[in-house]
Amino acid sequence: MYIEQGYKGEIGIWKYFLIPLGFIGLMVLNYLAIVLLDLDIEAIMEAEINRKGANRFLVEMLIPFIVGLALLFLWVKYIHKQTLTSLTTSRKKVDWKRVFFAFALWSTITIVITGIDIFAAPEDYEFNFRWPAFLYLMIIVVLLIPIQTSFEEYLFRGYMMQGVGIMVKNRWVPLVFTSVLFGLMHLGNPEVGKLGYGIMVYYIGTGFFLGIMTLMDEGLELALGFHASNNMVTALLVTADSTAFQVDAVYKNVAEPNLGFDALLPVFVVFPILLYVFSRKYKWKNWKERLAGTVLTREKFFASSDDGTHI
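Being a predicted model, the structure only gives us computed values, none of them experimental.

Calculation notes
Residues numbered from 1 in each chain as written. Predicted model: local features only at pLDDT ≥ 70, side-chain atom pairs only at ≥ 80, totals over all residues. Heavy atoms only, no water. Helix = DSSP H or I, 4+ residues; strand = E, 2+ residues; numbered from the N terminus. Rg over C-alpha atoms; globule rule 2.2 N^0.38 Å. Buried < 20%, exposed > 50% of the residue type's maximum accessible area, 1.4 Å probe, protein only. Axes fitted to C-alpha atoms, helices over the stretch in contact; angles between N-to-C directions. Left-handed = near helix turned anticlockwise from the far one by under 90°. Nonpolar A, V, L, I, M, F, W, Y, C, P; charged D, E, K, R; others polar. Expected span 1.5 Å × (residues − 1). Contact = heavy atoms within 4.5 Å. pLDDT = per-residue confidence, 0-100. Salt bridge = Lys/Arg side-chain N within 4 Å of Asp/Glu carboxyl O. Phe/Tyr/Trp six-rings, centres within 6.5 Å; stacked < 30°, edge-to-face > 60°. Lys NZ or Arg CZ within 6 Å of the ring centre and 35° of its normal. Polar contact = N/O pair within 3.5 Å; in protein donor to acceptor, adjacent residues only side chain to side chain. Patch = residues over 30% accessible without salt bridge, like charges linked within 9 Å, V, L, I, M, F, W, Y side chains within 5 Å. Areas by Shrake-Rupley, 256 points an atom, 1.4 Å probe, with all protein chains shown as cover. Core = buried A, V, L, I, M, F, W, Y, C linked by side-chain atoms within 4.5 Å. Lys, Arg positive; Asp, Glu negative; His and termini not counted. Charge placed at Lys NZ, Arg CZ, Asp CG, Glu CD.

## Details of the overall build of the protein chain
Next up, step 1: Scanning the protein chain from N- to C-terminus turns up 13 helices and three strands.
Next up, step 2: Relative to a compact globule of 311 residues, whose C-alpha radius of gyration would be 19 Å, the protein chain shows 20 Å and is just as compact.
Next up, step 3: In terms of overall dimensions, the protein chain has a C-alpha envelope of 60 × 40 × 35 Å along the principal axes.
Next up, step 4: Taking all 311 residues of the protein chain together, the buried fraction comes to 48%.

Here it is in structure tokens:
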């Protein structure tokens, strides 16, 4: 009963609106600025990277996520008076084995798929490895990117999932709402300008994948591990002029970007397979109830809990 963990804090509908509305407002302003001012995001990023260097630019790009995660944690702890454990999982403590399993599994798959693609189309890649720059990149990636991905998971699959679910008293509305919003958050990414709005199928599909994982597993652990792996390994392995992370990765993709089936393959093939693997390993059952069932009232939740505590 992951959504119901929100009852372990002081609910207050207004409390759940402030942070999401503030974040959505920033997203909308950012996107409107790009559209109305006809900004060339790729050119702006290239100019900033040339002026500051790729690593410094990456750090500056990640700082807002660090601030965002800190503010979210403080808000939950002191305004909602909810424990971070109950924001993370329905289990008595965070299951780090789940985090590391998802991280290791997706890292392995990403490395294998990237290796196959480089072998199959070597003309699309340039060997970009420079040891000093890569070492700095690796330090930044290890220290900061998990914070960026954790902020997104705690905001969408954690805070919003629990808040919306408790308000509407069902599971499918927060699943759809957070997944679509997660996808729309990427509208300002340079790859959207290059590939078109069709790439939103990938972003929204990824949101649904992470949301389904969270609801079926009754916790954020798998989503935290997967998301961190996806951004960290990708940042270290491959960069391109059309991506949000333009860094000193091992390889640079120099192929002309296009929206092909390979961009949609994860959503329709890989993610369903991963959900099957996780379901077998963690013995997921009652899919319909967990994804579309009702959310218990506060009274029923505490009446059915093991210890009945209102922490």
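On we go.
## What about the packing of helix 3 (residues 54-79) against helix 6 (residues 131-168)?
Next up, step 1: Here helix 3 crosses helix 6 at 35 degrees, and the two axes come no closer than 9 Å. Seen along the crossing, helix 3 lies across helix 6 with a hand that is left-handed.
Next up, step 2: Grouping the constituent residues of the contact of helix 3 with helix 6 by class yields 21 nonpolar, four polar and one charged.

## As for helix 7 (residues 172-184)
Next up, step 1: Here helix 7 is 13 residues long and its end C-alpha atoms lie 18 Å apart, about the 18 Å a rise of 1.5 Å per residue gives.
Next up, step 2: Residues Pro-174, Leu-175, Thr-178, Ser-179, Leu-181, Phe-182 and Gly-183 constitute the buried set of helix 7.
Next up, step 3: Where helix 7 is buried, its residues touch helix 1 (13-36), helix 6, helix 9 (200-217), helix 10 (221-237) and helix 12 (287-292).

## A word on the confidence of the model for the protein chain
Detailed reading of the predicted coordinates is not advisable wherever pLDDT is low.
Next up, step 1: Per-residue confidence for the protein chain averages 91 on the pLDDT scale, and 98% of its residues sit at or above 70.
Next up, step 2: Note on residues 307-311: pLDDT under 50 across the span, and seven contacts to partners over four residues away in sequence or across chains.

## Thoughts on the pattern of salt bridges
Next up, step 1: Tallied over the full model, the rule gives 12 salt bridges.
Next up, step 2: Its salt-bridge partner being Glu-221, residue Arg-91 comes within 2.8 Å of it at the nearest N-O pair. With a gap of 130 residues between them, Arg-91 in the loop between helix 4 (84-88) and helix 5 (96-120) and Glu-221 in helix 10 connect regions that are remote in the sequence.
Next up, step 3: Note on Arg-91: relative accessible area 22%, which makes it partly exposed.
Next up, step 4: On the basis of relative accessibility, which here comes to 0%, the residue Glu-221 falls in the buried class.

## Some thoughts on the environment of Glu-4
Next up, step 1: Inspection of the secondary structure assignment puts Glu-4 in the segment before helix 1.
Next up, step 2: Looking at Glu-4, the relative accessible area reads 0%, which means it is buried.

## Comments concerning the packing of aromatic side chains
Given two aromatic rings, one states the distance between the centres and the angle between the planes to describe the pair.
Next up, step 1: Overall, the coordinates contain 24 aromatic pairs when judged by the stated rule.
Next up, step 2: Their ring planes at 80 degrees and their centres at 5.9 Å tell us that Phe-23 and Phe-156 sit as a pair that is edge-to-face. Within this pair, whereas Phe-23 is found in helix 1, its partner Phe-156 is found in helix 6, the two being separated by 133 residues in sequence. Each of the two residues, Phe-23 as well as Phe-156, counts as buried.
Next up, step 3: When the centroid spacing of 6.1 Å and the interplanar angle of 65 degrees are considered together, the rings of Phe-65 and Phe-151 count as edge-to-face. Here Phe-65, found in helix 3, pairs with Phe-151, found in helix 6; they are 86 residues apart in sequence, far enough to count as distant.
Next up, step 4: For Phe-151, a relative accessible area of 8% corresponds to the buried category.
Next up, step 5: One aromatic cluster is present, built from ring pairs that chain together Tyr-125, Phe-127, Phe-129, Trp-131, Phe-134 and Tyr-251.
Next up, step 6: Its guanidinium or amino end placed over the ring of Phe-182, Arg-157 lies 4.3 Å from that ring's centre, counting from NZ or CZ.
Next up, step 7: Above the ring of Phe-101, the side-chain terminus of Lys-281 is found at 4.7 Å from the ring centroid.

## Details of the side chain of Thr-89
Next up, step 1: The topology assignment puts Thr-89 in the loop between helix 4 and helix 5.
Next up, step 2: Its relative accessible area of 0% is what places Thr-89 among the buried residues.
Next up, step 3: Within polar-contact distance, the side chain of Thr-89 engages the backbone nitrogen of Arg-91 at 3.1 Å.
Next up, step 4: A distance of 2.9 Å separates the side chain of Thr-89 from the side chain of Glu-221, its partner in a polar contact.

## Here's the deal with a nonpolar patch on the surface
Next up, step 1: Together, Phe-127, Phe-129, Trp-131, Leu-135, Tyr-136, Ile-139, Val-142 and Leu-143 make up a nonpolar patch on the protein surface, roughly 830 Å² of accessible area in all.
Next up, step 2: If you tally residues by element for the nonpolar patch, the top one is helix 6, at six residues.
Next up, step 3: By the element assignment, Phe-127 lies in strand 1 (residues 125-127).

## Thoughts on the environment of Arg-56
Next up, step 1: Secondary-structure assignment places Arg-56 in helix 3.
Next up, step 2: Expressed as a C-alpha distance, the spacing of Arg-56 and Tyr-136, which sit 80 residues apart in the sequence, is 9.7 Å.

## Observations regarding the nonpolar core
Next up, step 1: Counting residues in hydrophobic clusters, the biggest one holds 56 residues, and the most contacted among them are Phe-209, Met-213 and Phe-278.
Next up, step 2: Per-element accounting of this core gives the leading share, nine residues, to helix 9.
Next up, step 3: Leaving out residues up to four positions away in the same chain, Met-213 has contacts with Gly-219, Leu-222, Ala-223, Phe-226, Leu-275, Phe-278 and Trp-284.

## A closer look at a positive patch on the surface
Next up, step 1: Together, Arg-280, Lys-281, Lys-283 and Lys-285 make up a positively charged patch on the protein surface.
Next up, step 2: Here Lys-281 is to be found in helix 11 (residues 261-282).
Next up, step 3: Judged by relative accessible area, which is 43%, Lys-281 ranks as partly exposed.

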